[in-house]
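Close look at the chain arrangement
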Amino acid sequence: MNLIEKMMEEYCFVNKTKVKDGAGGFNVEWNDGKQFSAAVIRDTTMEARRAEQAGVSSVYTVTTSRNIVLKYHDVIKRLSDGRIFRITSDGGDKTSPMISTLDMSQVMAEKWELTT
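The present account deals with the structure reproduced in this document. (Residues numbered from 1 in each chain as written. Predicted model: local features only at pLDDT ≥ 70, side-chain atom pairs only at ≥ 80, totals over all residues. Heavy atoms only, no water.)

Comments concerning the nonpolar core
- Ranked by internal contacts, the top residues of the largest apolar core, which has 14 residues, are Tyr11, Phe36, Val62, Leu70, Ile76, Phe85 and Ile87.
- Elements supplying a minimum of two residues to this core: β1 (9-20), β2 (26-42), β3 (60-64), β5 (84-87) and β7 (105-111).
- The residues touching Phe36, leaving out its near neighbours within four places in the chain, are Glu9, Glu10, Tyr11, Cys12, Phe13, Thr64, Ile68, Leu70 and Ile76.
- Core analysis: the next-biggest nonpolar cluster, separate from the first, contains 6 residues, Val14, Trp30, Ile84 and Trp112 among them. (Core = buried A, V, L, I, M, F, W, Y, C linked by side-chain atoms within 4.5 Å. Buried < 20%, exposed > 50% of the residue type's maximum accessible area, 1.4 Å probe, protein only. Helix = DSSP H or I, 4+ residues; strand = E, 2+ residues; numbered from the N terminus. Contact = heavy atoms within 4.5 Å.)

Here it is in structure tokens:
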């Protein structure tokens, strides 16, 4: 087991569904989906700090294995504390090659709140 794997915690996808409200509109419901392991680390570089001061939300790097596909605007939840993150980059952009023994993929994310 490598260091990255030791840092991983349990997460799940959070799926958004619209349910008719009986009055011609819809209510939004969020439901837990497939579980997976990931390491989520806050970016504390000077560039990230400047972005936060300019109003951009905190920036996080999400590391998973290659077989977990995180897409732009996917929503995930850390199971240990319920913290929600929204993916802000395209999945697959930073993935180790299949020939590599290092099995990882990375995307960027932000802290997020579920809306109804």
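Things to note about the side chain of Arg78
- On the secondary structure map, Arg78 appears in strand β4 (residues 75-78).
- Aside from chain neighbours lying at most four places away, what touches Arg78 is Glu9, Glu10, Tyr11, Arg83 and Phe85.

Re the pattern of salt bridges
- Under the defined criterion, the tally for this structure stands at 4 salt bridges.
- The salt bridge partner of Asp32 is Lys77, with a shortest N-O separation of 2.9 Å. A residue pair is termed long-range when its members are at least 10 positions apart, and Asp32 in strand β2 and Lys77 in strand β4 qualify at 45 residues.
- On the accessibility criterion, Asp32 (47% relative accessible area) is partly exposed.
- One salt bridge connects Glu110 with Arg86, and the closest N-O pair in it is separated by 2.6 Å. Here Glu110 is found in strand β7, whereas its partner Arg86 is found in strand β5, with 24 residues between them in sequence. (Salt bridge = Lys/Arg side-chain N within 4 Å of Asp/Glu carboxyl O.)

A look at the pairing of β3
- Of all the 5 residues making up β3, 5 are buried; the element is thus mostly covered by neighbouring parts of the structure.
- Neither face of β3 is left uncovered, since the one carrying Tyr60, Val62 and Thr64 and the one carrying Thr61 and Thr63 both have all their residues buried.
- The sheet contact formed by β2 and β3 spans 4 bridges and is antiparallel. Looking at the pairing, Val40 lines up with Val62 of β3. (Pairing = 2+ DSSP bridges.)

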